[in-house]
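These are the residues of each chain, in order.
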Amino acid sequence: MSLRLRLALTILLTAIPLAAGLVWLRADTRRRAQERSLEDLVVTVMRAGGRRMCESFPDVFSGGHALFGPGSVQVKSIRGVEHLEDMPDLSELLEGLGDEKGLGKVLEGLQELQAREGQGAPTSLGMHHPDPPPEHHFGLWAYRADLSGASERTPAMPPAIRVALAGGDATASEIFERSGVSVLRMGIRMPWTDGPCAVMVAERALPASDDDPVVLWGLAILCGGVLLAVFLAAGPIVRRIRRLKGDVRRAAQSGYAERVAVEGGDEISDLARTFNEAGDAIRDHVATVEAREETLRRFVADTTHDVMIPLTVLQGNLSALRDRVDAGEVVDPAEVRSSLEEAHYMGSLIHNLDAVAKLEAAPMDLTNGRVDLRELVVRVVERHRPIARTRGIEVEFTVPDEDVEASGDVTLLEQAVSNVVHNAVRYNEDGGHVSVLLEAAQDRFVLRVLDDGPGVAPESLPRLAERRFRSAEARTRRGDGLGIGLAIAQDVAERHGLTLRFANLAPHGLEARFEGPRPSPA
Amino acid sequence: MNHVNDRILLVEDDEKLGDQIARHLAEQGFEVTWRKDGDAALQEDPEDYRLVVLDLMLPGTYGMDVLKSYRRTHDVPVLILSARNETTDKVRALELGADDYLTKPFWPEELVARVQARLRRPVLQRSDRIRVGRLELRESAREVAVDGEPVSLTRVEFDLLLALARRPGVAVERAWLADHVLDPERTGTERTLDVHVSRLRKKLGPCGPLVRTVWSIGYRLDTEGSNA
């Protein structure tokens, strides 16, 4: 849904119930005014003589009389009065009917007439208009306080009114249609409760609501105006958003190198600014990922190369062994040993590839795990013993009686120690020794790997402590004894807050020394 | 060590590797039952075995789920095999109750050493009587016997032997021995320690060679027949 359409719909959805509410409120107010006016009229009339009249001749208010507007009334008959033309003053009395004064006068006149004629009380008053306009309809009926008719001729009270009054209401009203005209019917309890005329039911036609269309038109015009204003105001906003969309699309296509134009200081320019910031973050992230990928790609390529060398040696050895076995010759133990070593080396190399991938991806702080160092030492020694034994190299270890833990990643720490031990075995002479010593003080541990191999040229010692492996030189497998394994060990140690130092031993040999804090017991 | 009645359940899907592991364990005297997928492993009652070697990457039910299922009812030792050298895998397996893990590739000797380490009964270090092969020590009485024949040792020699015998097969550092065994009143050096060791070896006669010198560390009491 477009922004404009959404705005328009929102306005319409808000305005329609609002307008309906206004119309209803207005109708309700009008009805209340009509009710109040009719009630006032009836009460006034009854006070002004209607009560007296009614109580004397209850039949007068029993017959559904219709009283019409002034000047157009003909009284056709009064029950008990044979000839209306004999009562000339009656037509005078009927002037001004339609208001309470007039009605009062009529009632008084009737009383006087009755008294003067000395005949029986008029039991019903019938007045008919030759062509009665329904909008002038008026009627009045009398009932007792218990809502029964004032005389036997009084019709039963309309049910809706009766129910409401019986429920204790002082007044009750309803509106119904008669001959296309809305008629208000009210039941009104009089200020008195005794006598046959304690409750009156009155009917009066409601005036046509001639001003309603104006109100409705006003509302419609207001809504239209607001809609127009919203459309006008939304125009530039929509245009700017469209422009921003185009800019964003272009920026995305350019790998977020292009920036989005920022104009003004409102929410839309905030959005553009935020987008630029997000674009910068994405560009940085992509650059980091690409750099990492490039490092890994190069590493995988280099490692593939490195794995291919021992694999080729291994294949050569196995092939030579097969030839000897085929020829029934004795197998050369040196070839078997060499094959085992190459296989072992390949295993380490691939684990180191894995370790480098983890180090590249890992956050700098790896110290959230607990590592059992005694267990680690045993595992590493057992890992390298089989290959050392083929060359008569003894790999021994000692660990304290108590638990020694370090904080960190067990896989990486084990790989680090394993690399150092592997290095010590690999560059040792046949029949040499390698020892792993774990020692613990109060809050620190020292893990030493000693060998009695040839050691390292003094000028190369500091290079062993460098963290990053240097591609070509460091990867030389047998050259000066520096391998990728030691670089990884150094990196892992650094990231775990450990130190890794190398020193030559007398008379010959190398000591690698990991040192670090013991975590406080959990 | 004699493992004749030691039954091991091996759960490994790779034919060649499984065959190799089964053969190596059998050579060590274990009776190996080999199951090739997780669902078959779930049919097994771990109660029937002294140890389970469980590969993590299995067809059917995943290795971790097999472990979880076993741990619901049994505490048979479980050694996990994994091709992924992942810390999260190890931590998870240990949390689920695995006893140990081994990352591929491994040497057959490595596997055997891990299995034996899990099956080895813990040495009751605080018990009064320590027996290492033909050698027997009674701590409270400070008596030593070789093949049941009492051997008379000095205080330092006895303490030295006791310190080694408490952790047979594990090397003990020379400096630690000098600190804990030699009389602090006298100026005992590590050289003095060597002299004591040499006398101890002589007195132990046929068991003398069990007290091994370990390069750059110190000494170790070998368990008889130990190939370590």
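Residues numbered from 1 in each chain as written. Chains lettered and ligands numbered in written order. Predicted model: local features only at pLDDT ≥ 70, side-chain atom pairs only at ≥ 80, totals over all residues. Heavy atoms only, no water.

Colleague: Would you mind showing me how to read the overall build of chain A here?
Modeller: From N to C terminus, chain A includes 12 helices and 13 strands. For chain A, with 522 residues in total, the buried portion stands at 42%. Across chain A, the fraction of contacts at a sequence separation of at least 24, relative to all contacts at a separation of at least 6, is 68%. (Helix = DSSP H or I, 4+ residues; strand = E, 2+ residues; numbered from the N terminus. Buried < 20%, exposed > 50% of the residue type's maximum accessible area, 1.4 Å probe, protein only. Contact = heavy atoms within 4.5 Å.)

Colleague: What's the story with the environment of Arg-250 of chain A in this structure? I'm lost.
Modeller: Along the chain, the position of Arg-250 of chain A falls in helix H5 (residues 212-253). Separated by 10 residues in sequence, Arg-250 of chain A and Val-260 of chain A have C-alpha atoms that sit 8.7 Å apart.

Colleague: I tried to follow the packing of helix H6 (residues 155-165) of chain B against helix H7 (residues 174-181) of chain B on my own but got confused; where do I start?
Modeller: The relative placement of two packed helices comes down to the angle between their axes together with the axis-to-axis distance. Residue and element names in this part refer to chain B. With their axes 10 Å apart at the nearest point, H6 and H7 run at an angle of 135 degrees to one another. One finds that H6 runs oblique with respect to H7. Crossing of H6 against H7: the hand is right-handed. Judged by residue contacts, Arg-155, Val-156, Asp-159, Leu-160, Ala-163 and Leu-164 of H6 engage Trp-176, Leu-177 and Val-181 from H7. Considered class by class, the residues forming the contact of H6 with H7 number seven nonpolar, no polar and two charged. (Axes fitted to C-alpha atoms, helices over the stretch in contact; angles between N-to-C directions. Parallel < 35°, antiparallel > 145°, perpendicular 65-115°, else oblique. Left-handed = near helix turned anticlockwise from the far one by under 90°. Nonpolar A, V, L, I, M, F, W, Y, C, P; charged D, E, K, R; others polar.)

Colleague: Honestly, the sheet that holds strand S10 (residues 172-173) of chain B in this entry has me stumped. Any pointers?
Modeller: Within a sheet, neighbouring strands are paired by backbone hydrogen bonds and run either parallel or antiparallel to one another. Residue and element names in this part refer to chain B. Pairing in this open sheet of three strands is antiparallel, and the strands run S10-S12-S11 from one edge to the other. Strands with a single pairing partner mark the edges of an open sheet, and in this sheet they are S10 and strand S11 (211-214). One ladder, built from four bridges, connects S11 with strand S12 (residues 218-221); its direction is antiparallel. Paired with Thr-213 across the bridge in S12 is Tyr-219. Of the strands in this sheet, S10, S11 and S12 touch H6, which is tilted by about 70 degrees from S12. (Pairing = 2+ DSSP bridges.)

Colleague: Teacher, can you tell me more about the interface of chain A and chain B here?
Modeller: Contacts between chain A and chain B engage 38 residues on the former and 30 residues on the latter. A buried area of about 2700 Å², summed over both sides, lies between chain A and chain B, and 47% of it is on carbon and sulfur atoms. In this structure, the salt-bridge partner of Glu-375 of chain A is Arg-114 of chain B, at a minimum N-O distance of 3.5 Å. Here chain A and chain B share 18 residue pairs in polar contact (both at pLDDT 80 or more) between them. Among the elements of the structure, helix H7 (333-361), helix H8 (373-389), strand S8 (394-398), helix H9 (410-426), strand S10 (433-440) and strand S11 (444-451) of chain A are those that each provide at least two residues to the side of chain A that touches chain B. Among the elements that make up the side of chain A that touches chain B, the one with the highest residue count is H8 of chain A (nine residues). When the residues that make up the side of chain A that touches chain B are grouped by side-chain class, the tally is 13 nonpolar, eight polar and 17 charged. (Buried area = accessible area lost by both parts, 1.4 Å probe. Salt bridge = Lys/Arg side-chain N within 4 Å of Asp/Glu carboxyl O. Polar contact = N/O pair within 3.5 Å; in protein donor to acceptor, adjacent residues only side chain to side chain.)

Colleague: How should I be thinking about unusual backbone geometry in this particular structure?
Modeller: Each neighbour pair has its own omega, and for Ala-506 of chain A with Pro-507 of chain A the value is 0 degrees, a cis peptide bond. Relative to the assigned elements, Pro-507 of chain A resides in the loop between strand S12 (499-504) and strand S13 (510-517). Here the bond from Lys-104 of chain B into Pro-105 of chain B is cis, since omega is 0 degrees, no more than 30 degrees from zero. Take Pro-105 of chain B: it is sitting in the loop between strand S5 (100-103) and helix H5 (108-119). Phi at Leu-147 of chain A is positive, roughly 70 degrees, even though this residue is not glycine. Here Leu-147 of chain A shows up in the loop between strand S3 (138-143) and helix H4 (159-166). Assessed through its relative accessible area of 6%, Leu-147 of chain A is described here as buried.

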